[in-house]
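# Tertiary structure, described
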Amino acid sequence: MPVSYYIFFAGIFLVLLAAVPYGVYLFGMTFGKKSAAIHTGNTDTLPDISIIVCAYNEERHIKQKIQSISACSYPDEKIELILVNDASSDNTENIAKESLKDVSFRWIIHTNEKQQGKNKSLNTGISLAAQDIVFSTDADLIWDKYSAERLVRGLLSDEKNAAGTGDLQPNQGADRVTSMEKTYRSFFGRMAEWEAAHDSTYAFNGCLLVFRKSRVQAVNEEAGADDANLAFAAIRNGYRTFYDSQAAIYEELPENLKKQYTQKVRRAKGLIQTTLLNRDLLKIKRPFSKIFYPLRIWMFTATPTLLFAGTALFCTGLLFIQPVILVLGVFAFLLLSALKKGNLVTSFITNQFYLFMGLYSRRKDAVIWQSTSKKVGE
């Protein structure tokens with residue numbers, strides 16, 4: 001058999017190997033256990049909460065953020081807001097103080113003497129929180145009216161729960177970036193909910209987290225993503241985590257692929273760092289450690305490498321075997337990407353590329369502030 005056939009079949013094998021964890025998740029999401037439904041209702045019995053907002057140069061967004069907290073379904077008299085201003089060089093603090101004059105919930109502002117980054121700022125906020133149930137939410141994102149209430153009810157629905165997260169969704173839009181992101185995040189959320197239905201997930205969205213301070217005292221400050229770090233801390237302490245795709249928080253995406261690339265690679269880098277830093281949890285006897293965590297490691301490290309290596313071998317082999325089929329296949333992919341915004345194939349390959357770049361990025365950490373919102377700098 002010609003060498004080209006060996007290359008061709010080796011490529012197919014690597015691509016199939018790369019797809020294994022996604023196949024497992026797809027089967028589980030379709031036929032596996034579902035998370036219990038969470039319902040909103042009478043707010044009289046809801047406990048007091050502390051909401052931490054870490055902000056760095058958010059003068060454009062902080063007023064709207066404060067207004068969204070005030071407008072949510074959670075009773076104002078049960079809310080404590082802690083704004084951690086990470087040595088902003090703009091007018092964030094003054095605008096926040098002016099906006100907070102019109103609210104009826106309790107609030108404090110803490111300003112770091114020097115810039116510390118998201119993880120350290122979050123830990124500062126946790127230390128200042130008076131309540132056991134604590135939220136962490138980003139200053140530049142607006143949450144759905146019922147998100148806080150849903151997450152508190154989810155946290156209280158199981159005595160073993162220590163932390164939970166909401167669903168990061170792009171604002172409405174028909175552009176290609178938004179369409180691809182919607183497709184990816186819909187699949188991402190379903191994966192996390194399936195994990196949580198059986199045990200726990202660390203696929204947290206740092207823009208909207210809830211946790212018990214008595215069970216998660218701090219996050220790793222030195223490396224990785226604050227959201228995944230917090231989820232791992234809860235799991236490490238023997239508790240469960242959950243994901244509620246109905247507790248939405250809305251993000252305005254970068255307006256082009258170049259800015260999205262910067263954002264997504266940075267997030268991928270932080271997620272991969274945190275994933276690999278907690279490998280000792282593989283020794284724990286629970287479904288998360290024996291099933292989901294190994295699959296996630298495979299998904300975030302092996303899959304991107306195997307997928308692109310396998311695709312390169314497949315195309316190389318096919319170029320010598322049937323070049324016309326290769327040309328037609330490439331044309332079909334480009335046509336699908338152009339005509340059907342947000343199709344699953346293009347979204348999957350695009351996000352695998354971001355994971356690949358995050359995996360092999362030379363950057364040592366991903367804990368500094370870096371906004372890529374298209375509002376910044378306008």
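As a starting point, this report considers the structure included with it. (Residues numbered from 1 in each chain as written. Predicted model: local features only at pLDDT ≥ 70, side-chain atom pairs only at ≥ 80, totals over all residues. Heavy atoms only, no water.)

## Focus on a nonpolar patch on the surface
To be explicit about the condition: The patches described consist of residues with a relative accessible area above 30% and no salt bridge, like charges being joined within 9 Å and nonpolar side chains (Val, Leu, Ile, Met, Phe, Trp, Tyr) within 5 Å. Using the Shrake-Rupley algorithm and a 1.4 Å probe, accessible areas are obtained, with residue cover drawn only from the displayed protein chains. Note on definitions: salt bridges are taken to be side-chain nitrogens of Lys or Arg within 4 Å of carboxyl oxygens of Asp or Glu. Working definition: helices are DSSP H or I runs of at least four residues, strands are E runs of at least two. Numbering for both runs from the N terminus.
A contiguous nonpolar patch, built from V330, F333, L334, L336, V345 and I349 and spanning about 450 Å² of accessible area, is present on the exposed surface. Taken together, the elements giving at least two residues each to the nonpolar patch come down to α10 (323-339) and α11 (344-359). Among the elements that take part in the nonpolar patch, α10 stands out by supplying four residues, more than any other. One can find L334 in helix α10.

## Section: the packing of aromatic side chains
We count it as follows: Centre distance within 6.5 Å is the pairing criterion for rings of Phe, Tyr and Trp, where only the six-membered ring of Trp is used; planes under 30 degrees apart are then read as stacked, over 60 as edge-to-face, and the remainder as tilted.
For the structure shown, the criterion picks out 19 aromatic pairs. One aromatic cluster in this structure is built from Y202, F232, F288 and Y293.

## Remarks on the pairing of strand β2 (residues 79-85)
For clarity, the cut-off: For every residue, the accessible area obtained with a 1.4 Å probe (protein chains only) is divided by the maximum for its type, and the residue is called buried under 20%, exposed over 50%, and partly exposed between those limits. For two strands to pair, DSSP has to find at least two bridges joining them. A right-handed crossover is one whose linking path, passing over the helix from the first strand to the second, runs clockwise when the strands point away from the viewer.
Counting buried positions along β2 gives seven out of seven residues, so the element sits mostly inside the fold. Residue alternation in β2 divides its side chains into two sets, I79, L81, L83 and N85 and E80, I82 and V84, and both sets are buried. Looking at chain direction, strand β1 (residues 49-55) and β2 are connected through seven bridges and run parallel. Each bridged residue has a counterpart across the sheet, and for I51 the counterpart in β2 is L81. In this view, the connection linking β1 to its parallel neighbour β2 by way of helix α2 (residues 62-71) has right-handed handedness. Looking at chain direction, β2 and strand β3 (residues 106-111) are connected through six bridges and run parallel. Bridge pairing in β3 places V84 opposite H110. With helix α3 (residues 92-100) bridging β2 and the parallel β3, this β-α-β connection has right-handed handedness.

## Regarding unusual backbone geometry
The backbone phi angle of N57 is positive, close to 55°, even though this residue is not glycine. Looking at the secondary structure, you find N57 in the loop between β1 and α2.

## Here we look at the packing of α10 against α11
Note the following rule: A fitted line through C-alpha atoms serves as each axis, taken over the contacting stretch for helices, and the angle formed by two N-to-C directions is quoted from 0 to 180°. With respect to orientation, any angle under 35 degrees is reported as roughly parallel, any angle over 145 as roughly antiparallel, any angle of 65 to 115 as roughly perpendicular, and every other angle as oblique. Contacts: residue pairs with any heavy atoms within 4.5 Å of one another. Amino acids are sorted into nonpolar (Ala, Val, Leu, Ile, Met, Phe, Trp, Tyr, Cys and Pro), charged (Asp, Glu, Lys and Arg) and polar (every other residue, Gly among them).
Running from N to C, α10 and α11 point in directions that differ by 100°, and their axes come no closer than 9 Å. By the angle class used here, α10 and α11 are roughly perpendicular. On α11, the residues that touch F333, L336 and S337 of α10 are V345, T346 and I349. Residues of the contact of α10 with α11, tallied by class, amount to four nonpolar, two polar and no charged.

## A few points about the sheet that holds strand β7 (residues 208-212)
If you walk across this open sheet you meet the eight strands as β3-β2-β1-β4-β7-β6-β8-β5, and the pairing is mixed. For this open sheet the edge positions go to β3 and β5 (142-143), each flanked by a neighbour on one side alone. Bridge analysis of β5 against strand β8 (residues 240-251) gives two bridges, and the strand direction is antiparallel. Paired with W143 across the two strands is I249, which belongs to β8. Across the sheet, α3 is in contact with β1, β2 and β3; its angle to β3 comes to roughly 170°. Each of β1, β4 (133-138), β5, β6 (161-170), β7 and β8 touches helix α5 (residues 147-156); the most contacted strand, β8, lies at about 175° to it.

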